[in-house]
Amino acid sequence: MLYVGVSLQFRFHVTGGDFSSAGTASSEIKKVLKKLNVDGVVIKRAVVSLYEAEVNVVAHAFEGDIFVNISSEKISILLKDKGPGIVDISKAMEEGFSTASPQVREMGFGAGMGLPNIKRNSDFMDIQSVVGEGTTLQIEIYINNKNGEQE
Amino acid sequence: MKHDDLKPFHHALKILEDNCIGCVHCMRVCPTDAIRIFSGKAHVDQNRCVDCGECLNACPVDAIVVEQDDFNKIFSFDIRALLVPAILIGQFPEDIVESQILAALHELGFTHIFEVETIVPFLNDVFIDYQNRSNKKPLISSFCPAIVRLIQVRFPSLVGNIAQLKAPLDVAALYVRNLLEKKRGKKGKERSVGVFYVTPCAAKIAAVKSPVSDEEGRINGVINMDFIYNKMLRIISDKKIKPEQSPESVLRSGREILWSVTNGECYYEKGRSLAIDEIHNVINFLERVENGEMDEVDFLELRACDQSCAGGALAPQNRFLTVERLKNRVEKNSNRKNFNTRAFLTKNDISFLLENISVRPISPRSILKLDDDIEKAMVKMESVREMMKLLPNIDCGACGASSCSGLAEDIVKQEGSLDQCIFIQEILVRKNEQFIEHFEKIWGKAKLNRILSVKTNREEL
Ligand SMILES: Nc1ncnc2c1ncn2[C@@H]1O[C@H](COP(=O)(O)OP(=O)(O)OP(=O)(O)O)[C@@H](O)[C@H]1O
Ligand code: SF4
Ligand SMILES: [Mg+2]
């Protein structure tokens with residue numbers, strides 16, 4: 001049998017403000033990666049990145065969809081949300097920068113560490129955003145990058 | 001499933017085929033999905049089982065038992081030492097004093113009795129030192145053998161977080177054997193030394209019989225707590241032993257007798273530590289540890305049983321009462337002159353124990369992977385997902401697997417087949433009208449239609 005180009009696709013829907021189900025996508029993907037015998041360090045990087053991205057949609061946007069594609073080379077994650085968008089992306093990438101509302105902070109989020117954390121744990125990251133419309137975040141984690149941090 | 005470089009686990013839990021009625025109770029509670037039913041009996045996948053004892057507690061007909069060494073084996077030794085966990089003492093109400101408990105054990109044939117927890121103060125010093133040198137966060141206790149195995153099979157990425165130190169039982173066994181072998185007498189006329197242990201659970205037996213990663217155990221036999229408890233109770237209640245007739249007590253442990261109940265280890269911890277008991281709680285927590293959410297925690301005390309060892313499957317008394325009794329005993333002992341554990345260990349003892357206290361790294365033994373090769377695993381995963389569209393998703397267990405997804409995985413691993421599913425059989429293969437009507441009434445049109453619609457593009461059925 002030839003397995004050229006095998007890949008697995010997953011899709012999740014996220015509702016803004018629904019903190020109790022934030023983490024559904026990342027735990028589902030974790031289960032899958034364990035079944036695929038992916039290295040623990042790689043799994044952790046993917047799970048951390050996806051979780052932070054998922055929470056951002058819940059915390060900052062109205063709703064969004066997550067598309068995950070797993071191939072033998074990489075885990076590609078695409079998050080598209082409808083929401084306020086990000087005014088200054090490079091500012092948002094700074095550690096400690098957050099516009100989280102008091103309610104969100106009460107839930108234990110809003111340290112401004114999410115995006116930097118994704119940056120640290122992923123091998124590729126790209127944010128596109130239109131203010132007033134929404135944000136698109138793309139993340140990739142390479143299956144064979146077992147020593148962790150990028151660069 | 002093969003684990004090429006690893007010896008199979010030893011298991012202390014056994015299913016009595018004659019008693020097993022093939023119900024699904026054990027299969028439902030198994031935290032590693034190790035049980036399948038076929039030919040009317042439960043079968044355990046030896047690579048998955050962690051000897052936690054959940055199945056034993058769930059079995060309605062006592063078909064699951066814990067293996068037991070022949071008690072008379074103790075008499076093949078001249079010196080017969082017994083390692084007693086404090087949990088055994090906690091089985092007895094406080095009006096039965098320590099000296100009676102000891103006397104009953106002597107009466108049963110033991111020459112030396114040593115309370116396992118006596119070694120705890122020494123171990124704590126070692127642990128603090130170990131923790132200072134370790135860069136793992138959180139560090140996970142190696143105390144509960146069911147948890148160590150659980151991590152090996154379900155959380156392979158966390159094996160490196162388990163402290164590579166022997167548990168109190170193993171250290172106590174080392175100490176006692178070393179001590180008694182010095183006392184065995186003149187050359188040529190040496191007396192033989194047998195070291196035994198009273199266990200509250202199957203996991204400890206399994207660990208003694210096949211230590212996770214170390215040399216062969218130093219314990220000659222294990223005695224199940226429920227068994228010895230009954231014998232002791234008979235001796236004590238026959239009034240054969242009155243409190244005043246009993247020999248001087250040597251059960252002198254203080255606060256450390258709470259070590260094996262929940263928070264017993266955490267109590268001594270300096271940093272941020274958490275104690276979690278009951279295996280499903282532990283699993284939920286380890287999921288989060290694995291996600292990196294707990295990197296700020298220094299130490300985790302994880303125990304498979306609710307109320308830790310007080311809830312061990314072989315501990316006959318109510319777990320909450322056991323904890324209360326042990327606390328009361330600590331209270332009572334606190335105004336008595338305590339036995340200073342550090343002081344009874346000589347310099348030689350300490351250096352001997354330190355030389356032998358570490359264990360080799362613990363290896364992962366993942367049971368979750370569908371295949372070693374990622375591409376093959378992906379193909380299998382895809383088939384599982386395809387199959388899940390077909391299966392009714394009600395996890396009824398009638399197929400002999402724990403859940404629909406369990407059956408689907410069995411099928412891709414060629415350990416099961418689709419016609420085990422009674423719904424597939426009746427709805428798609430036999431097209432049983434009555435069954436379909438019945439199914440629809442209970443599970444709804446949507447579910448039925450979903451199954452029927454998948455059929456249309458699956459010619460092979
Ligand atoms: N999907 C999004 N839609 C709108 N704004 C976003 C989105 N994701 C991030 N942001 C903006 O970027 C800021 C920084 O995000 P980041 O995840 O780093 O921190 P945070 O979410 O505020 O706090 P933390 O992630 O530490 O809980 C957010 O406060 C928010 O202003
Ligand atoms: S908590 Fe104690 S009794 Fe229960 S399995 Fe672990 S070691 Fe055994
Ligand atoms: Mg965030």
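Just so it is clear, the structure is predicted and the values come from calculations on it, not from any experiment.

S.K.: So what exactly am I meant to see when it comes to the overall build of chain A here?
M.R.: Check the secondary structure of chain A and you find 5 helices and 5 strands. Seen in sequence order, chain A has helices and strands lined up from the N terminus as β-α-α-β-β-α-α-α-β-β. For chain A, the C-alpha radius of gyration of 15 Å lies close to 15 Å, the compact-globule estimate for 151 residues. Taken along the three principal axes of its C-alpha coordinates, chain A extends 55 × 30 × 25 Å. Element-wise, carbon and sulfur atoms account for 52% of the exposed surface of chain A, whose accessible area totals about 7,500 Å². A gap of 6 Å separates the mean positions of the 15 positive and 19 negative side-chain charges of chain A.

S.K.: Quick question: what am I supposed to make of the side chain of Arg325(B) here?
M.R.: All names here are of chain B. When you line up the elements, Arg 325 lands in helix 11 (residues 319–334). Notably, Arg 325 is buried but unbridged: the nearest opposite-charge side chain belongs to Glu 94, and the N-O separation is 4.4 Å. A polar contact of 2.9 Å, which involves the side chain of Arg 325, links it to the backbone oxygen of Gln 91.

S.K.: In this structure, what is going on with the sheet that holds strand 6 (residues 112–115) of chain B? I would like to understand it.
M.R.: Across a sheet, strands are paired by hydrogen bonds formed along the backbone, either parallel or antiparallel in direction. Residues and elements named next belong to chain B. On the basis of which strands lie adjacent, the open sheet formed by 4 strands has the order 6-5-8-9 and parallel pairing. Every other strand in the sheet has two partners, leaving strand 6 and strand 9 (221–224) as the edge strands with one partner each. Adjacent strand axes in the sheet meet at a mean angle of 25 degrees, parallel and antiparallel pairs treated alike. Relative to strand 6, strand 5 (residues 79–84) runs parallel, the two sharing 4 bridges.

S.K.: Got a minute to help me understand the pattern of salt bridges in this structure?
M.R.: Side-chain pairing between opposite charges can occur once the charged atoms of the two side chains come close. Counted according to the given criterion, the structure contains 34 salt bridges over all chains. The closest approach of N and O atoms between Glu287(B) and Arg154(B), which form a salt bridge, is 3.9 Å. Separated by 133 residues along the polypeptide, Glu287(B) in helix 10 (residues 279–290) and Arg154(B) in helix 6 (residues 145–154) bring together distant segments of the chain. Looking at Glu287(B), the relative accessible area reads 24%, which means it is partly exposed. Put simply, Asp349(B) and Lys182(B) hold a salt bridge, and the shortest N to O gap is 3.8 Å. Of this pair, Asp349(B) sits in helix 13 (residues 347–356) while Lys182(B) is found in helix 7 (residues 168–182), placing the two residues 167 residues apart along the sequence. Via salt bridges that share partners, Lys30(A), Lys34(A), Arg154(B), Glu287(B) and Glu290(B) belong to a single interconnected network.

S.K.: Please explain the site of ligand 2 as it appears in this structure.
M.R.: As a structural note, the neighbourhood of ligand 2 is formed by Cys144(B), Pro145(B), Pro200(B), Cys201(B), Ala203(B), Lys204(B), Arg303(B), Ala304(B), Cys305(B), Ser308(B), Cys309(B) and Gly312(B). Per-class residue counts for the shell around ligand 2 are 8 nonpolar, 2 polar and 2 charged.

S.K.: Please clarify how the site of ligand 1 should be interpreted in this entry.
M.R.: Residues and elements named next belong to chain A. Neighbouring ligand 1 are 20 residues, the closest being His 60, Ser 98, Thr 99, Gly 110 and Met 113. Within the backbone of Gly 110, an N or O atom sits 2.7 Å from an oxygen atom of ligand 1. Within the backbone of Gly 112, a nitrogen or oxygen atom sits 2.9 Å from an oxygen atom of ligand 1. Burial of ligand 1 by the protein amounts to 94% of the accessible area it has alone, namely 590 Å². For the shell around ligand 1, the secondary structure elements donating two or more residues are helix 2 (40–60) and helix 5 (114–121). In the shell around ligand 1, the residues fall into 9 nonpolar, 9 polar and 2 charged.

S.K.: Is there a simple way to explain the environment of Met93(A) in this structure?
M.R.: As for its position among the elements, Met93(A) is in the loop between helix 3 (89–92) and helix 4 (102–106). The spacing of Met93(A) and Pro116(A) is 23 residues in sequence and 5.7 Å in space, taken between C-alpha atoms.

S.K.: Hey, could you run me through the nonpolar core in this one?
M.R.: General note: in soluble globular proteins, nonpolar side chains tend to be found buried as a group. One finds Leu82(B), Leu83(B), Ile228(B) and Leu286(B) to be the most contacted residues of the largest nonpolar core, which totals 126 residues. Examining the composition of this core, we find that 8 residues originate from one element, helix 7 of chain B, more than from any other. Structurally, this core is a two-domain feature, drawing no fewer than three residues from each of domain 1 (3–66) and domain 2 (71–356) of chain B. In this view, Leu83(B) contacts Phe114(B), Val116(B), Leu169(B), Ala172(B), Ala173(B), Val176(B), Val195(B), Phe196(B), Tyr197(B) and Val198(B); residues no more than four positions away in its chain are not counted. Formed by 71 residues, the second largest nonpolar core is a distinct cluster that contains Ala53(A), Val55(A), Ile66(A) and Ala377(B).

S.K.: Just to check I follow, could you spell out the interface of chain B and chain A for this structure?
M.R.: Note: interface size is frequently given as the accessible area lost on complex formation between the parts. Contacts between the two partners involve 23 residues from chain B, matched on the other side by 21 residues from chain A. Our enumeration of links across chain B and chain A arrives at 5 salt bridges. With its nearest N and O atoms 2.4 Å apart, the salt bridge here joins Lys35(A) to Glu409(B). Between the two partners, chain B and chain A, sit 10 residue pairs in polar contact (both at pLDDT 80 or more). Every element with two or more residues in the side of chain B that touches chain A is listed here: helix 10 and helix 14 (374–390) of chain B. At 9 residues, helix 14 of chain B tops the list of elements feeding residues into the side of chain B that touches chain A. Among the residues forming the side of chain B that touches chain A, the class breakdown is 8 nonpolar, 3 polar and 12 charged.

S.K.: For this particular structure, what's the right way to read the domain arrangement of chain B?
M.R.: All names here are of chain B. Entries for chain B in the domain assignment read domain 1 (3–66), domain 2 (71–356) and domain 3 (374–460). The C-alpha centroid of domain 3 is placed 25 Å from the C-alpha centroid of domain 1. Interface area, domain 1 with domain 3, both sides summed: about 590 Å², of which 35% is carbon and sulfur. In this structure, the connection of domain 1 to domain 3 is made through 1 salt bridge. Residue Asp 410 pairs with Arg 36 through a salt bridge whose shortest N-O separation is 2.6 Å.

S.K.: Even after reading the chapter, I still don't get helix 6 of chain B, so can you show me in this structure?
M.R.: An α-helical segment advances 3.6 residues per turn. Residues three or four places apart therefore align on the same side. Burial analysis of helix 6 of chain B places 10 of its 10 residues in the buried class, the great majority of the element. Of the surrounding secondary structure, the elements contacted by the buried residues of helix 6 of chain B are helix 1 (24–35) of chain A together with strand 7 (139–140), helix 8 (202–209), helix 10 and strand 11 (299–303) of chain B.

S.K.: Please explain the packing of helix 2 of chain A against helix 5 of chain A as it appears in this structure.
M.R.: For any two helices packed against each other, the geometry comes down to the angle between their axes and how far apart the axes lie. Residues and elements named next belong to chain A. Contact pair helix 2 / helix 5: the axes reach a minimum separation of 9 Å and the direction vectors enclose 155 degrees. Taken together, the axis directions place helix 2 and helix 5 in an arrangement best described as roughly antiparallel. Crossing of helix 2 against helix 5: the hand is left-handed. For the pair formed by helix 2 and helix 5, the contact residues are Arg 45, Val 48, Ser 49, Glu 52, Ala 53 and Asn 56 on the first element and Gly 114, Leu 115, Asn 117, Ile 118 and Asn 121 on the second. Of the residues assigned to the contact of helix 2 with helix 5, the class counts are 4 nonpolar, 5 polar and 2 charged.

S.K.: Quick question: what am I supposed to make of the packing of aromatic side chains here?
M.R.: Geometrically, a pair of aromatic rings is defined through the distance of the ring centres and the angle of the planes. Residues and elements named next belong to chain A. Summed over all chains, the structure comprises 14 aromatic pairs over all chains. Where Phe 19 meets Phe 109, the ring centres are 5.2 Å apart and the plane angle is 20 degrees; that geometry is what we call stacked. Separated by 90 residues along the polypeptide, Phe 19 in the loop between strand 1 (7–15) and helix 1 and Phe 109 in the loop between helix 4 and helix 5 bring together distant segments of the chain. For Phe 109, a relative accessible area of 24% corresponds to the partly exposed category.

Calculation notes
- Residues numbered from 1 in each chain as written.
- Chains lettered and ligands numbered in written order.
- Predicted model: local features only at pLDDT ≥ 70, side-chain atom pairs only at ≥ 80, totals over all residues.
- Heavy atoms only, no water.
- Helix = DSSP H or I, 4+ residues; strand = E, 2+ residues; numbered from the N terminus.
- Rg over C-alpha atoms; globule rule 2.2 N^0.38 Å.
- Areas by Shrake-Rupley, 256 points an atom, 1.4 Å probe, with all protein chains shown as cover.
- Lys, Arg positive; Asp, Glu negative; His and termini not counted.
- Charge placed at Lys NZ, Arg CZ, Asp CG, Glu CD.
- Buried < 20%, exposed > 50% of the residue type's maximum accessible area, 1.4 Å probe, protein only.
- Salt bridge = Lys/Arg side-chain N within 4 Å of Asp/Glu carboxyl O.
- Polar contact = N/O pair within 3.5 Å; in protein donor to acceptor, adjacent residues only side chain to side chain.
- Pairing = 2+ DSSP bridges.
- Axes fitted to C-alpha atoms, helices over the stretch in contact; angles between N-to-C directions.
- Near = heavy atom within 4 Å.
- Nonpolar A, V, L, I, M, F, W, Y, C, P; charged D, E, K, R; others polar.
- Core = buried A, V, L, I, M, F, W, Y, C linked by side-chain atoms within 4.5 Å.
- Domains from an automatic or database assignment.
- Contact = heavy atoms within 4.5 Å.
- Buried area = accessible area lost by both parts, 1.4 Å probe.
- Parallel < 35°, antiparallel > 145°, perpendicular 65-115°, else oblique.
- Left-handed = near helix turned anticlockwise from the far one by under 90°.
- Phe/Tyr/Trp six-rings, centres within 6.5 Å; stacked < 30°, edge-to-face > 60°.

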